[in-house]
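Chains, contacts and geometry: an overview
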Amino acid sequence: MLTLYYSPGACAMASHSALEEAGADFALEKIDLRAGQQRTPEYLAVNPAGSTPALKTDKGVITQNAAILTFVAESFPNAGLAPVGDPYEMARFNAFNGFLGSSLHPALGKVLFSHPPLQGETKDQALQQALAKLDLAEQHLVEGPWVFGERWTLADDYLMVFERWARQARLLDQARYPKLNAHLDAVQQRPAVARMLKTEGLEPIAA
């Protein structure tokens with residue numbers, strides 16, 4: 001049995017969606033980030049970094065969305081979740097997920113979740129940096145209609161997380177980001193993503 005530690009609406013939505021897409025048999029353990037549950041001794045014993053997601057497997061715990069997505073894709077190769085078996089395409093898959101985790105996520109997170117909230121020039125600079133990352137995705141990284149053109153992969157579910165955050169914060173302007181807006185609408189219609197949202201008590205975010 002796989003067990004996913006997650007917080008509703010946080011970036012673990014990507015790993016949660018991946019398990020749904022795979023048709024995996026898994027359990028969920030909710031970690032309340034706002035209440036600080038990620039800093040409890042019980043959770044730190046699972047993930048000493050004190051963050052979600054974490055996926056407990058029969059061999060140990062895997063952390064970081066990018067790693068979990070690769071694990072799920074390779075564990076369920078017949079589900080067609082990623083270009084498993086093609087080293088070049090898998091490298092592209094991992095590179096895009098690396099961009100999301102190491103570049104887009106912290107840029108948006110700094111704007112949306114800093115405590116205390118950013119103010120003044122510091123906030124403006126952070127906002128411009130976040131928008132620049134979205135520009136990069138819109139103009140150069142997302143081929144359309146999916147990240148890698150006509151073939152959907154788990155990278156699409158991962159990108160959805162940050163598109164939702166940006167749209168919720170009114171950063172995903174329709175004129176500036178037509179490709180990302182269309183992509184978010186399409187991903188939110190996937191049955192596996194709909195199941196994930198329902199389980200986490202969330203709704204699709206409309207334009």
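Note that this is a predicted model, so its numbers are computed, not measured.

As summarised here, the arrangement of the 4 strands in space is E2-E1-E3-E4, forming an open sheet in which the pairing is mixed. Strand pairing shows two members of the sheet lacking a second neighbour, strand E2 (26-30) and strand E4 (60-63), which therefore form its edges. Here the strands of the sheet are splayed against their neighbours by 20 degrees on average, with no regard to which way each runs. By the bridge criterion, 4 bridges tie strand E3 (residues 54-57) to E4 in an arrangement that is antiparallel.

Here the focus is helix H4 (residues 87-113). Compared with an ideal rise of 1.5 Å per residue, which puts 27 residues at 39 Å, H4 spans 36 Å between its outermost C-alpha atoms and is within 8% of the ideal. At histidine 105, H4 shows its largest kink, close to 35 degrees, and the proline proline 106 lies no more than four residues downstream. Among the structural elements, helix H3 (65-75), helix H5 (120-141) and helix H6 (154-168) are those in contact with the buried residues of H4. Where H4 starts, the residue carrying a side-chain oxygen 3.2 Å from the main-chain nitrogen of tyrosine 88 turns out to be aspartate 86.

Turning our attention to the packing of aromatic side chains. Using the criterion set out here, one finds 6 aromatic pairs in the structure. Measuring from centroid to centroid gives 5.5 Å for tyrosine 158 and phenylalanine 162, while their planes differ by 50 degrees, and the two rings are tilted. One end of the pair is tyrosine 158 and the other is phenylalanine 162, both in helix H6 and 4 residues apart, which spans about a single turn. Here the two residues tyrosine 158 and phenylalanine 162 agree in accessibility, since each one is buried. On the numbers, 5.2 Å between centres and 90 degrees between planes, the contact of phenylalanine 162 with tryptophan 165 is edge-to-face. On the criterion of helical spacing, the pair formed by phenylalanine 162 and tryptophan 165 is a turn pair, its members being 3 residues apart in helix H6. You'll find phenylalanine 162 and tryptophan 165 in the same group, each marked buried. Among the aromatic residues, those joined into a ring-pair cluster are Phe113, Tyr158, Phe162 and Trp165. Sitting above the plane of the tryptophan 146 ring, arginine 190 keeps its charged end 6.0 Å from the centroid. Directly above the aromatic system of tryptophan 152 lies the positively charged group of arginine 190, at a separation of 3.8 Å from the ring centroid.

Parameters at a glance
Residue indices follow the written sequence of each chain, beginning from 1 at its first position. Local features are withheld for residues below a pLDDT of 70 in this predicted model, meaning they are given only at 70 or higher, and side-chain atom pairs are given and counted only at 80 or more; totals for whole chains, interfaces and linings count all residues. Side-chain metrics in this entry use all non-hydrogen atoms of the structure; hydrogen atoms and water are not considered. Whether two strands pair comes down to DSSP finding at least two bridges between them. Where helices and strands are cited, they refer to DSSP runs of H or I of at least four residues and of E of at least two residues respectively, numbered from the N terminus. Every axis in this analysis is a line fitted to C-alpha atoms, fitted for helices over the stretch in contact. Angles between the N-to-C directions lie between 0 and 180 degrees. Expected span of a helix: the number of residues minus one, times 1.5 Å. Bend is computed residue by residue as the angle between axes fitted to the seven residues ending at the residue and the seven residues starting at it. The contact criterion used throughout is that any non-hydrogen atoms of two residues lie within 4.5 Å. The term polar contact refers here to a pair of N or O atoms within 3.5 Å; inside protein, the definition further demands a hydrogen-donor-capable atom paired with an acceptor-capable atom, and it admits residues adjacent in sequence only when both atoms are side-chain atoms. Each Phe, Tyr or Trp ring, with Trp reduced to its six-membered ring, pairs with another whose centre is within 6.5 Å; inter-plane angles below 30 degrees give stacked pairs, above 60 give edge-to-face pairs, and intermediate values give tilted ones. We call a residue buried when its accessible area falls under 20% of the maximum for its residue type, exposed when it is over 50%, and partly exposed in between, using a 1.4 Å probe and counting protein chains only. In this scheme, the term charge over a ring applies when either NZ of a lysine or CZ of an arginine sits within 6 Å of the ring centre and within 35 degrees of the ring normal.

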